[in-house]
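# Coordinate inspection notes
Chain by chain, the residues:
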Amino acid sequence: MHWSDVIAQRLAERGNDHIIATGITPSGEFHIGHLREILTGDMIARAARRAGLNAELVFVVDNADPLRKVYPFLDSSYEEFIGHQLGAIPAPNEDGEPDWNRYEREGWSYGDHFLEPFLMALKQIGVEPRLIPNLTSYREGKFADAAKKACDDPDAIREIIERVSGRELPADWFPWQPIDSKGSLDGLTITGYEYPLVMWTDQYGAKGQSDITKGEGKLPWRLDWPAKWGFNNITCEPFGKDHGAAGGSFATGVEIAAFFGHEPPQSLVYEWISLRGKGAMSSSTGNTVGPIEALRLVPPEILRLLIANSKPNKAIEFDTGMGLVNLADEYERLSSRDFAEELSNDTLSRRQRVQIEDAQAALRLSMVSAGEQAEATSVSFRHLALLAQIKPDDDGIWSSLIESGAISEPTSALSDRLMRMRAWTGSKHFPEEMRIEILSEPDETSLSQLDEEQRKVIHHIATELDAAEWTAEGITLAFKNAATHAEAPMRSMYRACYAMFMGSERGPRLAPILANCVREEVCGLAKSCAAQLS
RNA sequence: GGGCCUGUAGCUCAGUCAGGUAGAGCGUCGGACUUUUAAUCCGAUGGUCGCGGGUUCGAACCCCGUCAGGCCCGCCA
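Nothing here was measured: the structure is a model prediction, and the numbers come from that model. (Residues numbered from 1 in each chain as written. Chains lettered and ligands numbered in written order. Predicted model: local features only at pLDDT ≥ 70, side-chain atom pairs only at ≥ 80, totals over all residues. Heavy atoms only, no water.)

## Let's talk about the overall build of chain A
The helix and strand tally for chain A stands at 24 helices and 13 strands. A globule of 534 residues ought to have a C-alpha radius of gyration of about 24 Å, yet chain A, at 30 Å, is considerably larger. The proportion of buried residues among the 534 residues of chain A is 50%. If you sum the accessible surface of chain A, you get close to 25,000 Å²; carbon and sulfur atoms cover 46% of it. A distance of 4 Å separates the average location of the 54 positive side-chain charges in chain A from that of its 80 negative side-chain charges. (Helix = DSSP H or I, 4+ residues; strand = E, 2+ residues; numbered from the N terminus. Rg over C-alpha atoms; globule rule 2.2 N^0.38 Å. Buried < 20%, exposed > 50% of the residue type's maximum accessible area, 1.4 Å probe, protein only. Areas by Shrake-Rupley, 256 points an atom, 1.4 Å probe, with all protein chains shown as cover. Lys, Arg positive; Asp, Glu negative; His and termini not counted. Charge placed at Lys NZ, Arg CZ, Asp CG, Glu CD.)

As structure tokens, this is what we get:
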């Protein structure tokens, strides 16, 4: 059974109505690691609906969390905002400086700034969750009940956290973090509590009181999370392994939720995504591939497949090079399979059946809109990568695909894919081994590996090319003539060609590529090769 | 110190929850197509399931131990 269906089944045992939550702190640029969070939630929601349940996906934007430090992409003037809530400080402009103008004019906050592009990417990828800005929840008093329970009995909370996490809390710890005289959550001392007010003194010596029903502060993370489960009626939440460890925030959250008086959600711990060869993704170190950037290169369904096809507890190494090619080809293979047909075979072992069903589920979850049928484009990613490099204009690609019978007309899905393919081939992510390049100098190593017959034909190729009409047809004819005159089979002729022009043993069809190259250069190369061998 | 995850073919991984003679894709090699848009098709190749023990008629799977890698126990998806 696919992992999403396993969770859906567990949800079905709990009841019929479900709210699946995801949550991210908008502290910096979002990356594809965050995509795993939200796609995991989306896939659970789809699986739950498929199982006949009511399911809604929500995205809690943790913009009540404080700015932790001045990240490299921020101007040093952000120093004054450390400890301030992300939804209550201005967004950085292009130079990383606070954009006060926009903040005062339209309330455009730091959190909004990083959230916006992520939401656009989500839309492209077929995920449109209900947004719950956490700061708003605080200001609307949604946390009031939980905050009251915690402040009324801090020792009970302290006991849970200390026992479950095994860490000792400071003596002056209090389950509410007020906002100080300058707007920061850091460095305060709690001096008293009388519902609904928490009395404090800040690091500047100022005194004040914080109303826990009006969001004049926030709950510490370990309480914030279980409190949200309650008033948002969360029944299921996938989260990263950082929260999932023993003694981690989920473990304490389960007990704190019980203390607040509600059930913890069905959990699902997922592994992180790392960038191949570069370690874990992290907004603060800038080691990221943004969802927008990823979508510029890869169609959304393929990005979805990456998540759907990996079990949550499996770490994913995102590889923008050959890994992407393999993933895309995998998608093509899946979409051309007839699962119903495969499953109708009743000699299948249990294992084989499960494998087919999981592949079917993964493909289904990869669709941008749920319920959409996967359509094989009948043009592999590899093939398109080739064409995109050879043919500078799209029309040339369509006509050659039509000619070869691969397609009957260019569909919008295909031209969309081609657009991304061109972005990819032009980017630094495009793998060298996929890059087609005609040599400018003879490659001695390749030439030296040719046998007698293959060498002999090179002279003829040079001569024939010189006289050829410079079109794909003309060049093909020249090749044939060369083989005939050298009395060599076409096989040897091609082998020689690849050694000459590409320094390889095999390759894509040469004539159309050469036709797009400068004639003098190609002929010059052929002559140098011939000269070198004689 | 406590805990979690991972370790299966050259590579990426299924298979472990319900024990029943090791799977897929890619790669590699060979062949076909009077040479191909790295195509396609056919065939072959390939694994002491990290290691050691135990339970069992039978273990990749369950139990105990052990090694290696990653991670968590302040914040991070």
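We are not done yet, so read on.
## What to know about empty space enclosed by the protein
Any empty space left between atoms is shown by rolling a water-sized probe over those atoms. Scanning the model with the defined rule gives one cavity of 30 Å³ or more in all. The volume enclosed by the largest cavity comes to roughly 30 Å³. Every residue along the wall of the largest cavity is listed here: Ile32, Leu35, Ile273, Leu303, Leu306, Ile307 and Phe318. Counting only elements with at least two residues in the lining of the largest cavity, the list comes to helix 2 (32-50) and helix 12 (300-308). Per element, the largest residue contribution to the lining of the largest cavity is three residues, and it comes from helix 12. By residue class, the composition of the lining of the largest cavity is seven nonpolar, no polar and no charged. (1 Å grid on protein atoms, 1.4 Å probe; cavity = no way out; pocket = protein on both sides within 12 Å on 5 of 7 lines; lining within 4 Å. Points joined across faces, edges and corners; volume = space filled by probe spheres on them. Nonpolar A, V, L, I, M, F, W, Y, C, P; charged D, E, K, R; others polar.)

## Digging into the sheet that holds strand 7 (residues 207-211)
Taken together, three strands build an open sheet; the order of strands is 5-6-7 and the sheet is antiparallel. In this open sheet, the two strands that pair with only one neighbour each are strand 5 (189-194) and strand 7. Taking the axes of each pair of neighbouring strands and ignoring which way they run, one obtains an average angle of 25 degrees across the sheet. For strand 5 and strand 6 (residues 197-201), the ladder comprises five bridges, and the chain directions are antiparallel. Residue pairing in the sheet places Tyr193 in a bridge with Val198 of strand 6. (Pairing = 2+ DSSP bridges. Axes fitted to C-alpha atoms, helices over the stretch in contact; angles between N-to-C directions.)

## So, the protein's contact with RNA strand B
Every one of the 44 residues lining RNA strand B counts as a neighbour, but Arg167, Tyr270, Arg333, Leu387 and Arg491 are closest to it. Between a sugar or linking oxygen of RNA strand B and a main-chain N or O atom of Gly240, the distance comes to 2.8 Å. Residue His243 places a side-chain N or O atom 3.2 Å away from a sugar or linking oxygen belonging to RNA strand B. Secondary structure elements with two or more residues in the surface near RNA strand B: strand 1 (17-24), helix 2, helix 8 (221-231), strand 9 (236-240), helix 9 (241-244), helix 15 (350-366), helix 16 (381-390) and helix 22 (490-501). Of the residues forming the surface near RNA strand B, the biggest block, four residues, is contributed by helix 22. For the surface near RNA strand B, the per-class residue count stands at 16 nonpolar, 13 polar and 15 charged. (Near = heavy atom within 4 Å. Polar contact = N/O pair within 3.5 Å; in protein donor to acceptor, adjacent residues only side chain to side chain.)

## Let's talk about the domain arrangement of chain A
Entries for chain A in the domain assignment read domain 1 (1-279), domain 2 (381-434) and domain 3 (444-533). Computed over C-alpha atoms, the centres of domain 1 and domain 2 are 43 Å apart. (Domains from an automatic or database assignment.)

## Thoughts on helix 6 (residues 144-152)
Buried residues of helix 6: Ala144, Ala146, Ala147, Ala150 and Cys151, and no others. Buried residues of helix 6, viewed axially, fall in a sector of 165 degrees; they line one side. Buried residues in helix 6 make contact with helix 7 (154-165), strand 5, strand 6, helix 8 and helix 10 (249-260). (Arc of directions from axis to C-beta. Contact = heavy atoms within 4.5 Å.)

## Focus: the nonpolar core
Counting 85 residues, the largest nonpolar core has Leu35, Phe59, Leu67, Tyr110 and Phe318 as the members making the most contacts within it. Of all the elements, helix 2 adds the most residues to this core, at nine residues. Residue contributions to this core reach at least three from each of two domains, namely domain 1 (1-279) and domain 2 (381-434). (Core = buried A, V, L, I, M, F, W, Y, C linked by side-chain atoms within 4.5 Å.)

## A short note on the layout of surface pockets
Looking at the largest pocket, its volume works out to about 1,400 Å³. Around the largest pocket sit 49 residues that line it, and Thr25, Asp65, Arg68, Trp221 and His243 are the ones nearest its centre. Among the elements of the structure, strand 1, helix 2, strand 4 (177-178), helix 8, strand 9 and helix 9 are those that each provide at least two residues to the lining of the largest pocket. Taken together, the residues of the lining of the largest pocket sort by class into 23 nonpolar, 15 polar and 11 charged. Computed from the structure, the second largest pocket encloses a volume of approximately 600 Å³.

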